[in-house]
Amino acid sequence: MNYRSVRGMHDILPDEITHWQRVEQRIHEIAALFNYHEIRLPLIEHTELFSRGIGEETDVVNKEMYTFPDRRGRSLTLRPELTASVIRSYLEHGLHNTDPFQKLYYIGPMFRYEKPQRGRSRQFHQYGIEAIGSLAPELDVEVIHLAWALMDSFGIRGLSLRINSIGCAKDRRRYQDALHDHFSSRIKEMCPDCQRRYNDNPLRILDCKNPHCQPHIAAAPASTDLLCHDCANHFKRVCQCLDELGLPYEIDPRLVRGLDYYTRTVFELISTDLGAQDALLGGGRYDGLVEQFGGPPTPGVGLAGGMERLIFVLRQRNRGPQDKQRLDLFLATIGEEGLRLAIQLMKELRVHGVSVDTDYRGRSLSKQIGYADQLAARYLLVLGPDEVSAKTGKIKRMDSGEELPVAINPTGLTSIINRR
Ligand code: HAM
């Protein structure tokens, strides 16, 4: 029996959890500022949702999905991302009938069978937003703005936003033909993955990370040179609007992103603290996805970012919330009567919003005081025979060591604890 977690799947232990809680809290706050509403979806979906939505030729579908048959032999998959699931839910619950324009966000675990390394795990967590139902280029910019607002709220610097447009479905076909022509004389020198993609979907060659293939990729035509009039105008307006809002970006004409549903705008936010291949977040438009899933023609745009990568950058820069979970008061007890009084007081104090704990291991007073220190309790109160009979005692401020006389009842204790 192997009592270790599955490779690439990590426990998040109590000493890291405040980072996660604060980052999640911030995401909820920023999403609310931009009027996005939370959606929570299953971890498991029918495999076709992802293979059709994300694309058979993508690395995610081809190599990275956790797919298994259920007891009746139906193929199910642990979600590798959430855009496809959000669109499934949007259609399944007729959200488009109530209001075709929806601004949604999510936070949760995703699963990809990737080689575990820094910034890459097999169970990881994403936060993401999806704005469905408008073609406005200003909405692409709102999505990007939200990403910047989140990073700014943490004071993260050293970021660069790369942006590109891969155009509509017709432009993409034109671009694929241009890539086919470009790679025709080079493909023999490229890796087996690129050779397979050359026939099936040459756009995916641009996702290749093999150093040997990079010179051929760098010389490939730019998608922006092949955009139709409407897509070129859309991209122009996106860039103009980013300029107007003072949001910095670089156009990267080779950026296509590894998922097939993208149309028009695609972008990634890169941090100097992560490896060059690891984006802090990525997103783009997917104007054909709703229709592809059997819904009415409905455009969409969104992004997702890795929680682990964001928390890593925050820790690198010491920007993350450092504080431990708050404990207002520790009750150190002597004897049975002391513990009995502690139990009663804790019941009442917790109703008043005071976080309080005591010793359940019958330890010596000095051990209990050491434990209160370890928990970073703000106050300590000893409940021994004298305190039990007099119902008064001395409460100690743990940071300064100052001791204050106190009446041992909820009112007396809260009046001191709530004094800042
Ligand atoms: P993605 O680029 O595949 O896009 O993933 C988004 C982010 O998830 C990445 O930038 C990265 O931060 C994080 N991530 C991906 N894989 C891993 C991994 N194995 N370990 C740790 N972090 C990882 C999407 O998933 C799209 N659904 C984004 C989107 C939403 N586009 C439109 N709407």
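Please refer to the structure higher up on the page.
Figured I'd write up the structure that's included with this text.

Here is what the cut-offs are and how they apply
- Residues numbered from 1 in each chain as written.
- Predicted model: local features only at pLDDT ≥ 70, side-chain atom pairs only at ≥ 80, totals over all residues.
- Heavy atoms only, no water.
- Helix = DSSP H or I, 4+ residues; strand = E, 2+ residues; numbered from the N terminus.
- Rg over C-alpha atoms; globule rule 2.2 N^0.38 Å.
- Buried < 20%, exposed > 50% of the residue type's maximum accessible area, 1.4 Å probe, protein only.
- Contact = heavy atoms within 4.5 Å.
- Areas by Shrake-Rupley, 256 points an atom, 1.4 Å probe, with all protein chains shown as cover.
- Near = heavy atom within 4 Å.
- Polar contact = N/O pair within 3.5 Å; in protein donor to acceptor, adjacent residues only side chain to side chain.
- Nonpolar A, V, L, I, M, F, W, Y, C, P; charged D, E, K, R; others polar.
- Pairing = 2+ DSSP bridges.
- Salt bridge = Lys/Arg side-chain N within 4 Å of Asp/Glu carboxyl O.
- 1 Å grid on protein atoms, 1.4 Å probe; cavity = no way out; pocket = protein on both sides within 12 Å on 5 of 7 lines; lining within 4 Å.
- Points joined across faces, edges and corners; volume = space filled by probe spheres on them.
- Axes fitted to C-alpha atoms, helices over the stretch in contact; angles between N-to-C directions.

1. A look at the overall build of the protein chain
In step 1: Helix and strand content of the protein chain: 16 helices and 16 strands.
In step 2: The C-alpha radius of gyration of the protein chain comes to 28 Å, more than 25% above the 22 Å expected for a compact globule of 420 residues.
In step 3: A principal-axis box enclosing the C-alpha atoms of the protein chain has dimensions of 90 × 55 × 45 Å.
In step 4: Within the span of the protein chain, comprising 420 residues, buried residues form 51% of the whole.
In step 5: Long-range pairs, those at least 24 residues apart, make up 70% of the contacts in the protein chain between residues at least 6 apart in sequence.
In step 6: Approximately 20800 Å² of the protein chain is accessible, and the part contributed by carbon and sulfur atoms is 50%.

2. Description of the site of the ligand
In step 1: Within the structure, the ligand sits among 28 residues, and Glu81, Thr83, Glu114, Glu130 and Tyr262 are positioned closest to it.
In step 2: The separation between an oxygen atom of the ligand and a polar side-chain atom of Gln126 is 3.0 Å.
In step 3: The contact in question runs from a nitrogen atom of the ligand to an N or O atom on the side chain of Tyr261, over 3.0 Å.
In step 4: Within the complex, the protein chains bury 95% of what would otherwise be the 660 Å² of accessible surface of the ligand.
In step 5: Ranked by residues supplied to the shell around the ligand, first place goes to strand S10 (residues 279-285) with 6 residues.
In step 6: In the shell around the ligand, the residues fall into 11 nonpolar, 10 polar and 7 charged.

3. Some remarks on the pairing of strand S11 (residues 300-306)
In step 1: Buried residues dominate S11, accounting for 7 of its 7 residues.
In step 2: Residues Gly300, Gly302, Ala304 and Gly306 point to one face of S11 and Val301, Leu303 and Gly305 to the other, with burial holding for every one of them.
In step 3: When strand S6 (residues 123-132) meets S11, the two strands line up antiparallel, connected through 7 bridges. Across the sheet, residue Ile129 finds its bridge partner in S11, namely Leu303.
In step 4: Relative to S11, S10 is paired through 5 bridges, and the arrangement is antiparallel. Opposite Gly283, over in S11, you have Leu303 as the bridge partner.

4. So, the pattern of salt bridges
In step 1: Across all of its chains, the model carries 28 salt bridges by this definition.
In step 2: We note a salt bridge from Arg196 to Glu57, for which the minimum N-O separation is 3.4 Å. Separated by 139 residues along the polypeptide, Arg196 in helix H8 (residues 192-200) and Glu57 in the loop between helix H2 (47-54) and helix H3 (59-63) bring together distant segments of the chain.
In step 3: What makes Glu57 buried here is its relative accessible area of 15%.
In step 4: Salt-bridge contacts for Arg340 lead to Glu337; the nearest nitrogen and oxygen are separated by 3.3 Å. With Arg340 and Glu337 both in helix H13 (residues 335-351) and 3 residues apart, the pair spans about one turn of that helix.
In step 5: Since its relative accessible area comes to 54%, Arg340 is described here as exposed.

5. Section: empty space enclosed by the protein
Over the atoms rolls a probe the size of a water molecule, and in doing so it shows where empty space is left.
In step 1: The tally for this structure, following the rule as stated, stands at 1 cavity of 30 Å³ or more.
In step 2: Taken as a whole, the largest cavity holds about 70 Å³ of empty space.
In step 3: Per-class residue counts for the lining of the largest cavity are 10 nonpolar, 1 polar and no charged.

6. Looking at the sheet that holds strand S5 (residues 102-111)
In step 1: Spatially, the 8 strands line up as an open sheet ordered S1-S5-S6-S11-S10-S9-S7-S8, and their pairing is mixed. Of all strands in the sheet, those with a lone pairing partner are strand S1 (37-38) and strand S8 (250-251), marking the two edges.
In step 2: Sheet topology note: the S5/S6 ladder contains 10 bridges and is antiparallel. When the sheet's bridge partners are listed, Pro109 is paired in S6 with His125.
In step 3: Along the sheet, helix H1 (residues 14-33) makes contact with S1, S5 and S6, crossing S5 at roughly 160 degrees.
In step 4: With respect to the sheet, helix H4 (residues 83-92) is in contact with S5 and S6, its orientation differing from that of S6 by roughly 45 degrees.

7. Structural notes on the side chain of Ser51
In step 1: If you trace the backbone, Ser51 turns up in helix H2.
In step 2: Excluding residues within four positions of it along the chain, Ser51 makes contact with Glu56 and Val61.

As far as function goes, none of this settles anything; it's purely spatial.
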